[in-house]
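What follows is the residue order along each chain.
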Amino acid sequence: MKLKNEFQPIRKWAADKGIYKKGDIKTQYVKFQEEAGELAKAIINNDNIEIIDAIGDCIVVLTSIAHFNNCKIEHCINEAYNVINKRKGQMINGSFIKNK
């Protein structure tokens, strides 16, 4: 997998809203926690529409967190995928547990 520039509209939106000028990595992390809480609530309530919305919101905020770390989210995803696609492990109680 090789993502390149799929998140540019999100970066433009964040720049237009002043997030890059007035925000920072810490404020965006707090916002991410808020969005993750909304995702948790949607999952508990089995609310598919809100789950989709919350996942999207998390991705938007993660895009800004990557920006404040001087990288692009595409790079983060590609790097993570390059590691996990080779990972060996097993499913235990509904979670994939990687081999050590």
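See the structure shown above.
Residues numbered from 1 in each chain as written. Predicted model: local features only at pLDDT ≥ 70, side-chain atom pairs only at ≥ 80, totals over all residues. Heavy atoms only, no water.

## Things to note about the packing of aromatic side chains
Stated precisely, the cut-off is as follows: Between 30 and 60 degrees the pair is tilted, below 30 it is stacked and above 60 it is edge-to-face, where a pair is any two Phe, Tyr or Trp rings, Trp via its six-membered ring, whose centres lie within 6.5 Å. Runs of E in the DSSP output that reach at least two residues are strands. Runs of H or I that reach at least four are helices, and both are numbered from the N terminus. Remark: exposure states derive from per-residue accessible area (1.4 Å probe, protein chains only) relative to the maximum for the residue type, with buried under 20%, exposed over 50%, and partly exposed in between.
Per the stated rule, a full pass over the model turns up 2 aromatic pairs. Consider the rings of Tyr20 and Phe68, whose centres lie 5.8 Å apart with planes at 85°: the pair is edge-to-face. One end of the pair, Tyr20, is in helix α2 (residues 19-22); the other, Phe68, is in helix α4 (residues 48-68), and 48 residues separate them in sequence. Look at Tyr20 and you get buried, because its relative accessible area is 17%. Between Tyr29 and Phe32 the ring centres are 6.5 Å apart and the planes differ by 35°, which places this aromatic pair in the tilted class. Separated by 3 residues within a single helix, Tyr29 and Phe32 lie in helix α3 (residues 25-44), roughly one turn from each other.

## Comments concerning the side chain of Asn78
Rules: Here, residues are in contact when the closest pair of their heavy atoms is within 4.5 Å.
Position of Asn78 among the secondary structure elements: in helix α5 (residues 73-84). Judged by its relative accessible area of 4%, Asn78 is buried. Other than its neighbours up to four places away in sequence, Asn78 contacts Met1, Lys2 and Leu3.

## Describing the pattern of salt bridges
Rule in force here: What makes a salt bridge here is a side-chain nitrogen of Lys or Arg within 4 Å of a carboxyl oxygen of Asp or Glu, nothing more.
Counted by the stated rule, this structure contains 4 salt bridges. In this structure, Arg11 engages Glu74 in a salt bridge whose closest nitrogen and oxygen atoms are separated by 2.9 Å. On the criterion of sequence distance, the pair formed by Arg11 in helix α1 (residues 8-16) and Glu74 in helix α5 is long-range, its members being 63 residues apart. Its relative accessible area of 9% is what places Arg11 among the buried residues. Overall, the relative accessible area of 1% leaves Glu74 in the buried class. Here Lys31 ties to Glu35 by a salt bridge, and the two come within 3.5 Å at their closest N and O atoms.

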